[in-house]
Amino acid sequence: MKKIYLGLSIAALTLALTACGGGKEATNNTTTPAPATTATAEKPADEANKAETRTIKYLDKEYTVPSKTERIVIAGSMESMEDSLVLNVNPVGAISVGGKFPEMFAPITGEAKSIGEKTQPNLETILSLKPDVILGSSKFPPETVEKMNKIAPTFPVSHISTNWEANLQLLGELTGKQAEAEKALNEYKAGIESAKAKLGDGMKDKKVLVIRLRQGNINIYPEKVFFNPALYTDLGLTAPEEVKAAKAQEIISMEKFSQINPDYLFIQFSPDENKDKPNALEDLQNNPIWKSVNAVKNGNVYVNVVDPLAQGGTAWSKTQFLKAAVEKLSAK
């Protein structure tokens with residue numbers, strides 16, 4: 001009889017998850033998530049441990065979660081992966097890149113199981129991990145979040161840079177590390193004041209630009225996206241007009257790049273984002289127009305001052321980038 005009951009439970013969950021269906025995938029300024037793999041295993045249900053609940057408010061919405069949220073799965077939110085580095089949180093399930101955990105996440109993934117790529121979470125694997133809570137992504141289409149909610153309470157963690165503090169505080173509240181989260185935020189803010197004092201007025205009339213090479217193309221970002229807030233909001237540098245005009249991630253030509261003519265240039269280049277053009281960075285560096293730009297002529301070009309997989313708008317990214325950028329900018 002137990003085998004019959006188990007079989008019926010698995011079948012029921014499979015139908016429930018599958019019924020959420022497909023639909024159009026959400027689009028955004030970086031990636032388009034693929035539909036999640038449909039789960040076919042039984043939903044975890046330790047009612048004794050999960051009977052007690054608590055309410056967490058995140059970005060003006062309330063979520064009901066178990067009183068203890070010890071088994072955390074990160075699915076889709078690279079922001080939460082970076083926040084886990086800051087708070088030393090070890091998820092039971094985490095995002096892989098190209099089938100493996102990136103080296104930058106080694107401190108938190110030693111005992112984690114891959115739940116798939118960030119745009120292709122495997123619900124069956126997530127289900128098998130019996131999570132107390134799932135940290136999804138605001139990039140996910142609603143049907144994916146709905147399917148995850150059938151497994152465990154799911155947060156669509158924001159990928160918007162301006163929500164970086166709320167993201168870190170969320171993980172702190174889930175893990176009981178609120179004090180550590182506040183300490184990290186305060187240390188970053190103190191670092192900004194120190195950096196401003198160190199730079200003084202030396203960068204007042206200088207153009208500083210961050211670009212990202214993807215598929216061999218030069219990409220710029222709006223003033224409040226990627227690493228830009230660290231430069232233009234936190235350090236108070238002046239954004240180039242082209243950055244101010246950008247509405248989303250924008251591919252620009254070599255000619256437009258030369259018109260921006262930055263005095264200082266930070267380049268993020270990941271082989272994973274340039275698989276079809278692995279020599280993209282070298283090709284740019286050999287381009288005559290590239291060589292005519294002030295930053296290049298004066299030796300003020302810096303490649304991957306932080307890990308190229310860094311999201312830019314997280315506590316970890318901002319802290320790492322601030323240290324590296326100030327070091328480079330103040331050296332001249």
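If you're wondering where the values come from, they're calculated on a predicted model, not measured in any experiment. (Residues numbered from 1 in each chain as written. Predicted model: local features only at pLDDT ≥ 70, side-chain atom pairs only at ≥ 80, totals over all residues. Heavy atoms only, no water.)

J.: Any details on the packing of aromatic side chains? Residues and values, ideally.
T.: Counted under the stated rule, the structure contains nine aromatic pairs. On the numbers, 6.2 Å between centres and 75° between planes, the contact of Y58 with F155 is edge-to-face. Of the two residues, Y58 sits in strand β1 (residues 53-58) while F155 sits in strand β9 (residues 154-157), which places them 97 residues apart along the sequence. Taking 4.4 Å as the distance between ring centres and 35° as the angle between the ring planes, the aromatic pair formed by Y63 and F155 counts as tilted. Highlighted residues: Y63 in strand β2 (residues 61-66) and F155 in strand β9, separated in sequence by 92 residues. By relative accessible area, which is 12% here, Y63 ends up buried. Judged by relative accessible area, which is 0%, F155 ranks as buried. (Phe/Tyr/Trp six-rings, centres within 6.5 Å; stacked < 30°, edge-to-face > 60°. Helix = DSSP H or I, 4+ residues; strand = E, 2+ residues; numbered from the N terminus. Buried < 20%, exposed > 50% of the residue type's maximum accessible area, 1.4 Å probe, protein only.)

J.: For unusual backbone geometry, give the residues involved together with the corresponding values.
T.: If you check the backbone angles, L59 has positive phi at about 50° while not being a glycine. Take L59: it is sitting in the loop between β1 and β2. Positive phi, normally seen in glycine, also occurs at Q215, with a value near 55°. Inspection of the secondary structure assignment puts Q215 in the loop between β10 (208-214) and β11 (217-220).

J.: Run through the pairing of β2, naming residues and quoting values.
T.: Of the strand pairs in this sheet, β1 and β2 are connected by six bridges, and their pairing is antiparallel. Residue pairing across strands places Y58 opposite K61, the latter belonging to β2. In textbook terms, the turn of a hairpin is the stretch between consecutive antiparallel strands, and for β1 and β2 this stretch comprises two residues, one of which, L59, has a positive phi near 50°. (Pairing = 2+ DSSP bridges.)

J.: Account for helix α7 (residues 178-199), with residues named and values stated.
T.: In a regular helix each residue adds 1.5 Å, so 22 residues correspond to 32 Å; α7 covers 32 Å between its end C-alpha atoms and thus fits that length. Buried within α7 are the following residues: A181, A184, L185, Y188, I192, A195 and L199. Projection of α7 onto a plane perpendicular to its axis shows the buried side chains occupying an angular sector of 95°, all on one side. Set apart from the buried face of α7 by more than 90 degrees, the exposed residues are A179, K183, E187, E193, A197 and K198. Of the residues trailing α7, G200 is marked for its positive phi of about 60°. (Expected span 1.5 Å × (residues − 1). Arc of directions from axis to C-beta.)

J.: Tell me about the side chain of K318, and name the residues and values.
T.: With respect to the element layout, K318 can be found in helix α14 (residues 315-330). Residue class for K318 comes out buried when judged on its relative accessible area of 4%. Setting aside residues no more than four positions away along its own chain, K318 makes contact with W164, Y188, P229, A230, D234, G312 and G313. (Contact = heavy atoms within 4.5 Å.)

J.: Before we move on, can you summarise the sheet that holds β10 with the specific residues and values?
T.: With mixed pairing, five strands are arranged side by side in an open sheet as β12-β11-β10-β13-β14. Looking at which strands have only one partner, the edges of the open sheet turn out to be β12 (250-252) and β14 (301-303). Strand-to-strand, the axes of this sheet are offset by a mean angle of 35°, without reference to chain direction. Pairing between β10 and β11: three bridges, direction antiparallel. In the sheet register, R212 faces β11, and the bridge partner there is N219. (Axes fitted to C-alpha atoms, helices over the stretch in contact; angles between N-to-C directions.)

J.: Give me the environment of G76: which residues, what numbers.
T.: Within the fold, G76 resides in the loop between β3 (72-74) and α3 (78-87). Look at G76 and you get buried, because its relative accessible area is 8%. With near-sequence residues (within four places) excluded, G76 lies in contact with I95, K118, S137 and F140.

J.: Tell me about the packing of helix α6 (residues 164-175) against α7, and name the residues and values.
T.: The geometry of α6 relative to α7 is characterised by a closest axis approach of 7 Å and an angle of 155° between their N-to-C directions. In this view, α6 runs roughly antiparallel relative to α7, as classed from their interaxial angle. Contacts between α6 and α7 involve W164, E165, L168, Q169, G172 and E173 on the former and, on the latter, Q178, A181, E182, A184, L185, Y188 and K189. The residue makeup of the contact of α6 with α7, split by class, is six nonpolar, three polar and four charged. (Parallel < 35°, antiparallel > 145°, perpendicular 65-115°, else oblique. Nonpolar A, V, L, I, M, F, W, Y, C, P; charged D, E, K, R; others polar.)

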